[in-house]
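Observations on chain architecture
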Amino acid sequence: MSQLELTDIFSVDRQGKPTMKIVLFGPPLSGKTSMLTVFNALRRMENPDTIVSSLQKIQDISGRTVFFDQGVFQTPPFKGKKFDRLRYQLWTIPGEERHKVQRDIVMKGVDGVILFLNFENIAKQMNEEIIKGAKDQIGEKFGKKVPVVAFINKSDLAENERIDKREIIQNMIEEGAILSDKAANHVMTGSCLNARNDLVEILNSPNRDEYFDDNNRLTVDKRPDSVWLIVRPIQKLTQLVVEQRIEIVQDS
Ligand SMILES: Nc1nc2c(ncn2[C@@H]2O[C@H](COP(=O)(O)OP(=O)(O)OP(=O)(O)O)[C@@H](O)[C@H]2O)c(=O)[nH]1
Ligand SMILES: [Mg+2]
């Protein structure tokens, strides 16, 4: 087979650029908007050229999402290679049930889903409902043509305040989001709060120069672990979507 181009496996946006649409699908107050805000801040610190359009948030005055948040980013140029960069559209759904109708619009043309769950004890039922809600919304493509990973946010909470990760894994398997043998690396955990705090600490550090290069960009090997944890679900999902698309192209 001749060499695959990104445009063979992804839809193109209005500017003709190959684009992957990822939706953060999660219950109310799980931290979806926080995740996008931290990700946007990270891109700005590491390489502002990778921000295609600035982050949009459609919220009420208390900061609750009433429609969606959306940001478009792209991978940095691949050194020495001439093919197009991949764009990422990152969207969130509004978590509150009363905004359910907006989800149809947000989910249109989705390539992959991050079930963005909440570690808080009180969110147990909401997590279960959202996994089921995502499955109902996506239908038979759920976990198949539309790959799914899970991220459980707020890992900074004390153990007695947290739900059991194994219950989430079990629930995901029952709903067909993941296969049992792949469960462990498809369900990730982390804390947007820690990631945000670690980035702020770097910005305010008296040793700022240790973190930034001559162009005033945060060097990737200085990324705090907390930040790697919140980037991981996007990387994992990208890998799954690419693998799945290549299979489709090769089969056709
Ligand atoms: N402890 C803790 N709190 C967090 C974390 N991430 C977000 N929060 C808090 O959780 C609350 C909700 O965060 P949002 O980002 O607005 O949640 P959302 O999922 O966008 O909520 P909706 O827009 O209503 O669906 C805020 O008070 C955040 O500060 C985290 O990692 N740990
Ligand atoms: Mg929100």
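Please refer to the structure placed before this passage.
Not measured: the values here are computed from a predicted model.

1. Observations regarding the overall build of the protein chain
Tallying secondary structure elements over the protein chain gives eight helices and eight strands in all. Against the 2.2 N^0.38 benchmark of 18 Å for 252 residues, the protein chain shows a C-alpha radius of gyration of 18 Å, consistent with a compact globule. Dimensions along the principal axes, computed over C-alpha positions, put the protein chain at roughly 50 × 50 × 40 Å. The 252 residues of the protein chain split such that 33% are buried. Of all intrachain contacts in the protein chain linking residues separated by at least 6 positions in sequence, the fraction that spans at least 24 positions is 71%.

2. Some remarks on the pairing of strand E7 (residues 148–153)
Extensive coverage of E7 is indicated by the burial of six of its six residues. Taking every second residue as pointing to the same face, both faces of E7 are buried, with Val-148, Ala-150 and Ile-152 on one and Val-149, Phe-151 and Asn-153 on the other. Remark: the strand E6 (residues 112–118)/helix H4 (residues 124–138)/E7 crossover connection has right-handed handedness. Inspection of the sheet shows E7 paired to strand E8 (residues 187–189) by three bridges, in the parallel sense. From the neighbouring strand, Ile-152 faces E8, where its bridge partner is Thr-189.

3. Quick word on the pairing of E6
Within E6, seven of the seven residues are buried, which leaves it mostly tucked inside the rest of the structure. When E6 meets E7, the two strands line up parallel, connected through six bridges. Bridged to Ile-114 within E7 is Val-149.

4. Considerations on the site of ligand 1
The full set close to ligand 1 counts 21 residues, and Gly-31, Thr-33, Ser-34, Thr-65 and Gly-95 are the nearest of them. Those elements that provide at least two residues to the shell around ligand 1 are helix H2 (32–46) and helix H7 (192–203). When residues of the shell around ligand 1 are assigned to their parent elements, the largest contribution, three residues, is made by H2. Of the residues that constitute the shell around ligand 1, the class distribution is six nonpolar, 10 polar and five charged.

Cut-off values and rules
Residues numbered from 1 in each chain as written. Chains lettered and ligands numbered in written order. Predicted model: local features only at pLDDT ≥ 70, side-chain atom pairs only at ≥ 80, totals over all residues. Helix = DSSP H or I, 4+ residues; strand = E, 2+ residues; numbered from the N terminus. Rg over C-alpha atoms; globule rule 2.2 N^0.38 Å. Buried ≥ 20, exposed ≤ 12 C-beta atoms within 10 Å, placed from the backbone. Contact = placed C-beta atoms within 7 Å. Right-handed = clockwise from strand over helix to strand, strands pointing away. Pairing = 2+ DSSP bridges. Near = placed C-beta within 6 Å. Nonpolar A, V, L, I, M, F, W, Y, C, P; charged D, E, K, R; others polar.

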